[in-house]
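Read off the chains here:
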2 protein chains.
Amino acid sequence: MAKIDSSSEQEGGAIRRRNERAILAAAERVFARHGYRGASVQEIAEQAGLPKSNVLYYMGSKRKLYVRLLERMMERWNAMLDDISAEDDPAEVLSAFIRSKMLMSRRHPEGSRLFASEILGGAPFLQEYLSGELRDWVQSRAAVFREWAERGLMDPVDPVWLIFLIWSSTQHYADFEAQVLGITGREALSDEDLERITEFLTQVVIKGCGVKHPAAQAPSERTSLTER
Amino acid sequence: MAKIDSSSEQEGGAIRRRNERAILAAAERVFARHGYRGASVQEIAEQAGLPKSNVLYYMGSKRKLYVRLLERMMERWNAMLDDISAEDDPAEVLSAFIRSKMLMSRRHPEGSRLFASEILGGAPFLQEYLSGELRDWVQSRAAVFREWAERGLMDPVDPVWLIFLIWSSTQHYADFEAQVLGITGREALSDEDLERITEFLTQVVIKGCGVKHPAAQAPSERTSLTER
DNA sequence: GTCTATAAGGTGATAGAC
DNA sequence: GTCTATCACCTTATAGAC
């Protein structure tokens, strides 16, 4: 994958850094809302408080800007995906997995929607990533889940469908936010709501997959999957 | 307006009906892929095998065409949403719910993605529907779920989060099809795959929410299969 | 570095020929 | 009923003034 130059080094002045940040934030919103084609550089520029040409000057092209946003989102994603091993406790790993995904929906809803929009459109820019890097990640987790099942630590569910279940049910609160708010009649979901939902999803997944709790072991501090 | 009336007194002749069908099918694909703004009437016309002006002649405007597609999808949705009562068996109702949603993803993937795209963009055309009709539907189901919980037929989970869980995890296979195929390395999901996924989701939800099986099992505590 | 002006082409919609 | 020609506008991108 292409590296991400975080734009903060070298010749980037304070102005450039500030403008780029504003453009990226605005672009994430606009692309998330209208998709790649539906988004216009003009609208991005307006939301960033800059003239249109400035956006193209900094980012090169609409396409490059879009790819850069996708890569930034993939980096956030990767930063979250720690390694696990068959020696870890299934309940803890699954719980941390769900929690970190919910946190991702909470902290980067526009990024999540940008990603969703890209997938919805057939993933023209991400097909390589999906069938390469991400597929490998899923397969390695699946192998661990299968070993847990063999050891009788959980039911022999298909690990891939389980991963999709966790992804979809957590991303839902970012991607379908408009629906969630409309149906619940809320203006926004509170931290407390999110906590309740996280607990609900964790319980359903762990209980639903027959995950055994380690008999004599208190839940140890396992913070590698959770942010902060 | 002189109308050539050939063999059909209904609104629109055979040609019109055929063309409208082609336009609706093409438009659903294009809107699903690129969103409302990103879709062009030109592309819809090409995929329908008609000149651009013809699409606008039949449908009035891009906007009307889009709204018509959303309404058609809502109709399909409504046709699926049977009434339930607290007297029904929870396991059966939840199982049927999941199965019908999976079938919806299977039969109308473009419609599902069109809907998803609309929600992703903030649901500008559907806000009324979400906070009105659909909200009422959810609330009435939620009331039934709560009564089941009070009767001890299932765990006291929040019904709304449960409905979102079922929606998200089933729609995932239509909306994120590109991701699912990329990761699984398949060309398409087979009927058998869908059946397995349906069974998996059903099991996780029913077991995860502690839904009791009606006739076969006495309500006494059986801790051999589920904890607590 | 920053922004105005403009190029080259696509957009939704419509008028009017057939 | 059907389709070609056209409208005014908006799109991305660039050239060049300050």
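Residues numbered from 1 in each chain as written. Chains lettered and ligands numbered in written order. Predicted model: local features only at pLDDT ≥ 70, side-chain atom pairs only at ≥ 80, totals over all residues.

The name given to chain A in an unreviewed UniProt entry is TetR/AcrR family transcriptional regulator, and the organism recorded there is Halomonas organivorans.

A. Structural view of the protein's contact with DNA strand C. The immediate surroundings of DNA strand C are formed by 18 residues, with Ser53(A), Ser40(B), Val41(B), Ser53(B) and Lys62(B) found nearest. Those elements that place two or more of their residues in the surface near DNA strand C are helix H1 (14-38) and helix H3 (52-59) of chain A together with helix H2 (41-48), helix H3 (52-59) and helix H4 (62-80) of chain B. Residue composition of the surface near DNA strand C, grouped by class: six nonpolar, seven polar and five charged. (Near = placed C-beta within 6 Å. Helix = DSSP H or I, 4+ residues; strand = E, 2+ residues; numbered from the N terminus. Nonpolar A, V, L, I, M, F, W, Y, C, P; charged D, E, K, R; others polar.)

B. A look at the interface of chain B and chain A. With 49 residues of chain B at the interface, the matching set in chain A holds 48 residues. Every element with two or more residues in the side of chain B that touches chain A is listed here: helix H1 (14-38), helix H6 (109-120), helix H7 (127-150), helix H8 (159-175), helix H9 (177-184) and helix H10 (191-208) of chain B. No other element matches the nine residues that H10(B) contributes to the side of chain B that touches chain A. Taken together, the residues that form the side of chain B that touches chain A break down as 23 nonpolar, 18 polar and eight charged. (Contact = placed C-beta atoms within 7 Å.)

C. The domain arrangement of chain A, seen in detail. All names here are of chain A. Domains assigned within chain A are domain 1 (14-68) and domain 2 (81-208). Here the element with the most residues in the side of domain 1 that touches domain 2 is H1; it accounts for six residues. For the side of domain 1 that touches domain 2, the class distribution of residues is four nonpolar, one polar and two charged. (Domains from an automatic or database assignment.)

D. Quick look at the protein's contact with DNA strand D. Surveying the vicinity of DNA strand D reveals 19 residues, the closest of which are Ser40(A), Ser61(A), Lys62(A), Ile15(B) and Ser53(B). For the surface near DNA strand D, the elements supplying multiple residues, two or more each, are helix H2 (41-48), H3 and helix H4 (62-80) of chain A together with H1 and H3 of chain B. For the surface near DNA strand D, the leading source of residues is H3(B), giving three residues. Class assignment for the residues of the surface near DNA strand D results in seven nonpolar, eight polar and four charged.

E. Layout of the environment of Pro156(A). All names here are of chain A. Along the chain, proline 156 turns up in the loop between helix H7 (127-150) and helix H8 (159-175). Judged by the 13 C-beta atoms lying within 10 Å of it, proline 156 is partly exposed. In this structure the C-alpha to C-alpha distance between proline 156 and glycine 210, which are 54 residues apart in sequence, comes to 8.9 Å. (Buried ≥ 20, exposed ≤ 12 C-beta atoms within 10 Å, placed from the backbone.)

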